[in-house]
Amino acid sequence: MEANAVSRKHFNTKAFISKYAMYVILIVLIAIFGFAQPAFFTGKNFVNILTSESSRGLLALGVAFCIITRGIDLSLGSVMAVSSVFSASLVQKLTYSTLILPGLVNLPEIPAWVAFLFGILVGTSFGVINGLLVAYTKIHPFIATLGSMTIARGLALLYTNAYPVPMLREDFTHIGQGTMFGFLPNIVCVFLLMAVVANVLLNHTRFGKNMFAVGGNVDAARASGINVEKTLVFAYTWSAFCASLAGVMVTARSASGIASLGDGYELDGIAAATVGGVSQTGGVGSIVGCIGGILVLGVINNGLLITGVSPYLQKIIKGAIIVIAVVFDMRKVARKK
Amino acid sequence: MSEYVLEMIDVSKSFPGVQALKNVSFRLRPGTVHALMGENGAGKSTLMKCLIGLYQMNSGRVLINGEEVHINNPLEASRHGISMIHQELSPVKDRSVAENLYLGRVPVRAGVFIDHKKLYRLAGETLQSLGIDINPYEKMGNLTVAKMQMVEIAKAVSQDASIIVMDEPTSSLTSVEVEQLFGMIRALREKGVSVIYISHKMEEIFSICDEVTVFRDGQMVGTDLVSNTNVTKLIHLMVGRDLDAMFPKVTCPITDVIMEVHDLASGDRFSGVSFDLRRGEILGFAGLVGAGRTEVLETLFGLRPKTAGVVKINGKVAEIRRPADALRYNMAMLTEDRRGTGIIPVSSVASNIVVANLKNYVRKNGLINHRKISSDASTYIRKIEIKTPSKETLIQDLSGGNQQKVLVARWLLTEPDILFIDEPTRGIDVGAKAEIHSLITRMAGEGKAIIMVSSEMPEILGMCDRILIMHEGRQTGIIDRGDATQERIMEFATSTGADTTESHAI
């Protein structure tokens, strides 16, 4: 049924709340946790929140593009794992007894940046495949990426035989363990940098504008001369690129490649983007919103932990907030029939 | 017992930017068929949607059998005995006829289990009582549109409807099916059911209706017994303004040929279409719904594969495989289905205006020039008078006419040489219609070549320099403006003799 046309004319509190629901929730949460536990309200703790959410944040930046085109990407957690084990396998210390690639002993040392890029390359290739599947076979993105999620996880496990890939060289781990300005971990910097890039791509390039058009009405986009297939391939490639970057950064930070890395992270990324107002009906969303969404989830994770709430209860609260945020959001941009 | 089964008194309804109904009154006698007439956007459908609770009216009263009622949704309407047969049916195609007939109220046993035996027995009885020959076990999706419509009417009757609203029920029926429908309507009238019959087709009004009420620009402009009126009177009431204002045709210089089409075909949808198109010309495509006119445009624009024929632009063979190719040849296409292939509902007016032309807004450094988008959007909003609160308003919040103008702006911005316009004024109000007409004429005056598909005969006759007529996927003739009359066009549109079951679309 059509939204009541008359009530939209004059300003009302309901409209205001639904417009800024996420920020209201964020501020309320910070206030509650700050009162309950003073340790929450420290600069160090905020850096902690950012650090622990950066990898999921990168996934949110990636999947937001897919959701804007009215798709979804479930493969991101597995893509993290693939990029993790492939990059790590190139920079294991040669003194380690069970190298993934024993042949490395006979080769000149592979530079850290090559390993870094190789991990990203392998991970991102899954995005290209996802994009081609979605664009050309017309299978539903949920199914296409469900398939690649399973395949990528299988590939990571097969490659490592499910063993961790430890003992990584310091020049590689430094990429993940270093900080900027003496306090900001590199992974946070990467996340913030990528957020800026994502924002530029989405709002200041043709690709971004085309993505909104494709998600808003794919037939109209096509009739307007937009190359829908290219746009979709780009969205899924970008999404996997973000996940690969997260995978390699986490690997360098934890000094170990892990085939089970990122299990379930794709859903956290989707949740963050969704809380941040990226609509599943397509054509709507912003990077600022995504960051807000990540912060809401990060504050909940951290605040509940620091105030000593049961981890099981944490999940329940988190789930409830996701749903509430989306209910408000759907009122804001409801599509009219 | 009141004299009227239904009275709607002083009903008003507005949408953002449009006053759709202004103090409209309407009275319906029991056991009569009452026609509602008026051009698209005159307010007939809006009034009916207010009646069945799809829209809430801003003011006015509804009386049923003399008692005031408030109807908030279609369910309440059906409790008051009002049912509407929509123009576009939405049956559950994978379920049986009986299940559709009793959708939402299937008979149950012990409170939960569906009583299939009773369901099919009841359905059979209902269909039989109306003389409808349909097997209740048949899958709904296997029926013709006409039969689906009959099931829909049977459903209304089985809900004890005393008032049935039919919105252009014959728009996709053959003439044999129309006769069957009329038979059913007469049977309903015998039973004392009142029918509100929305239609554009004069001959139907005079063959089935008892009374007629005419709408124009959201107002009720006349109501009378059908036996007291005639076609001329009705047209005068409906149009109410001189045709020159509706169709501000300015003859402009028609110059060189820009596009030549030889023997074009696309699969089994159409074949053998040949014509040429000149700068400054408006070429009309006339024909019945389903004749293949839209498909020709889609094929020329790269939205549909070309299976035969040659297209030349400026004398050179043009290969157009996708809309992006068409854009490179400076072609533009205003599609028929505004919601389906036109607007991007959740995007702003400005984004919708520039979406087909973004390449011209990319700076040298690869970034979008938002300031230029904003100023061009403002220019076009002013130039073609789009009524919108701001350029950042979502297009879905605009009226149909203004959405259409946004789409016109989208294509004007690409500065096309060749413009395809498919049913440009479908579903928009009369005022906006005249403005769109004058826009189209102005574009032709600027030397653009225009092809316009329209099912509205006055639009075709009033606007076009030449008219190409199609019938069932074949081109049956091209006539000049001077030789064109409604009768001649209909001759071509229904020609090739073999098939006479097709109904008149206009």
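Residues numbered from 1 in each chain as written. Chains lettered and ligands numbered in written order. Predicted model: local features only at pLDDT ≥ 70, side-chain atom pairs only at ≥ 80, totals over all residues.

**Q** Sorry if this is basic, but what is going on with the overall build of chain B here?
**A** Across its full length, chain B carries 18 helices and 22 strands. Against the 2.2 N^0.38 benchmark of 23 Å for 506 residues, chain B shows a C-alpha radius of gyration of 25 Å, consistent with a compact globule. C-alpha atoms of chain B, sized along the principal axes, occupy 70 × 55 × 50 Å. Burial status across chain B gives 48% buried among its 506 residues. Partitioning the contacts of chain B with sequence separation of at least 6, the portion at a separation of at least 24 is 68%. (Helix = DSSP H or I, 4+ residues; strand = E, 2+ residues; numbered from the N terminus. Rg over C-alpha atoms; globule rule 2.2 N^0.38 Å. Buried ≥ 20, exposed ≤ 12 C-beta atoms within 10 Å, placed from the backbone. Contact = placed C-beta atoms within 7 Å.)

**Q** Quick question: what am I supposed to make of the overall build of chain A here?
**A** Along the backbone of chain A there are 14 helices and 2 strands. On C-alpha atoms alone, chain A measures out to a radius of gyration of 21 Å, which is about the 20 Å that the 2.2 N^0.38 rule sets for 337 residues. Along the first, second and third principal axes, the C-alpha set of chain A runs to 75 × 55 × 35 Å. The buried share among the 337 residues of chain A stands at 50%. Expressed as a percentage of contacts within chain A between residues at least 6 apart in sequence, the contacts between residues at least 24 apart total 80%.

**Q** For this particular structure, what's the right way to read the sheet that holds strand β2 (residues 18-28) of chain B?
**A** Backbone-to-backbone hydrogen bonds join strands into a sheet, with any given pair of strands oriented parallel or antiparallel. Residue and element names in this part refer to chain B. Strand order in the open sheet formed by 4 strands is β2-β1-β4-β5, with antiparallel pairing between adjacent strands. The open sheet is flanked by β2 and β5 (67-69), the only strands paired with a single partner. Strand-to-strand twist across the sheet, computed as the mean angle between neighbouring axes with direction ignored, equals 30°. In the sheet, strand β4 (residues 59-64) pairs with β5 via 3 bridges, with the strands oriented antiparallel. (Pairing = 2+ DSSP bridges. Axes fitted to C-alpha atoms, helices over the stretch in contact; angles between N-to-C directions.)

**Q** Please clarify how the pairing of strand β15 (residues 282-287) of chain B should be interpreted in this entry.
**A** Here is the key point about a regular strand: its side chains alternate between the two faces of the sheet. Residue and element names in this part refer to chain B. Along β15, 6 of the 6 residues are buried, which leaves the element largely enclosed by surrounding structure. Bridging between β15 and strand β20 (residues 449-453) involves 4 bridges; their strand directions are parallel. Across the sheet, residue I282 finds its bridge partner in β20, namely I450. As paired elements, β15 and strand β21 (residues 466-471) share 5 bridges and run parallel to each other. Bridge pairing in β21 links F285 to L468.

**Q** When you look at unusual backbone geometry in this model, what are you seeing that I'm missing?
**A** Peptide bonds are trans in most cases, and residues, glycine excluded, mostly fall at negative phi. Residue and element names in this part refer to chain B. Phi is positive for E168, close to 40°, though the residue is something other than glycine. On the secondary structure map, E168 appears in the loop between β9 (163-167) and α6 (175-190). A tally of 18 C-beta atoms within 10 Å means that E168 is categorised as partly exposed. Although it is not a glycine, E415 adopts a positive phi angle of roughly 45°.

**Q** Would you mind going over the domain arrangement of chain B with me for this structure?
**A** Many descriptions give the size of an interface as the accessible area lost when the pieces come together. Residue and element names in this part refer to chain B. Domain annotation of chain B identifies domain 1 (6-240), domain 2 (264-330 + 416-499) and domain 3 (337-415). For domain 2 versus domain 3, the separation of C-alpha centres amounts to 25 Å. Each residue belonging to the side of domain 2 that touches domain 3 can be placed in one class, and the counts come to 8 nonpolar, 1 polar and 2 charged. (Domains from an automatic or database assignment. Nonpolar A, V, L, I, M, F, W, Y, C, P; charged D, E, K, R; others polar.)

**Q** What is the right way to read the nonpolar core from this model?
**A** Side chains of nonpolar character tend, in soluble globular proteins, to be buried together. Residues A64, C242, L245 and C290 of chain A together with I440, I450 and M452 of chain B are the most contacted members of the largest nonpolar core, which totals 181 residues. The leading source of residues in this core is helix α11 (residues 228-254) of chain A, at 16 residues. The two domains that each donate at least three residues to this core are domain 2 (264-330 + 416-499) and domain 3 (337-415) of chain B. In this view, I450 of chain B contacts E281, I282, L283, L419, I421, I440, M443 and A444 of chain B; residues no more than four positions away in its chain are not counted. If you look at the next biggest cluster of nonpolar residues, it comprises 68 residues, including L6, V97, A98 and V151 of chain B. (Core = buried A, V, L, I, M, F, W, Y, C linked by C-beta atoms within 7 Å.)

**Q** Would you mind showing me how to read the interface of chain A and chain B here?
**A** With 21 residues of chain A at the interface, the matching set in chain B holds 26 residues. Elements with a contribution of two residues or more to the side of chain A that touches chain B: α9 (206-216) and α10 (218-223) of chain A. For the side of chain A that touches chain B, the leading source of residues is α9 of chain A, giving 5 residues. Among the residues making up the side of chain A that touches chain B, the classes are represented as 7 nonpolar, 8 polar and 6 charged.

**Q** Help me understand helix α1 (residues 44-51) of chain B in this model?
**A** In an α-helix, one full turn covers 3.6 residues, which means residues spaced three or four apart are oriented alike. All names here are of chain B. The buried fraction of α1 is high, at 8 of 8 residues. Three or more residues of α1 are buried, namely K44, S45, T46, L47, M48, K49, C50 and L51. Backbone geometry just downstream of α1 places G53 in the positive-phi region, at approximately 85°.

**Q** Would you mind showing me how to read the environment of Q149 of chain B here?
**A** Residue and element names in this part refer to chain B. Note on placement: Q149 falls in helix α5 (residues 145-158). For Q149, a count of 25 C-beta atoms within 10 Å gives the class buried. With 21 residues separating them in the primary sequence, Q149 and T170 have C-alpha atoms 9.6 Å apart. Excluding anything up to four places from it in sequence, Q149 contacts I85, L89 and P169.

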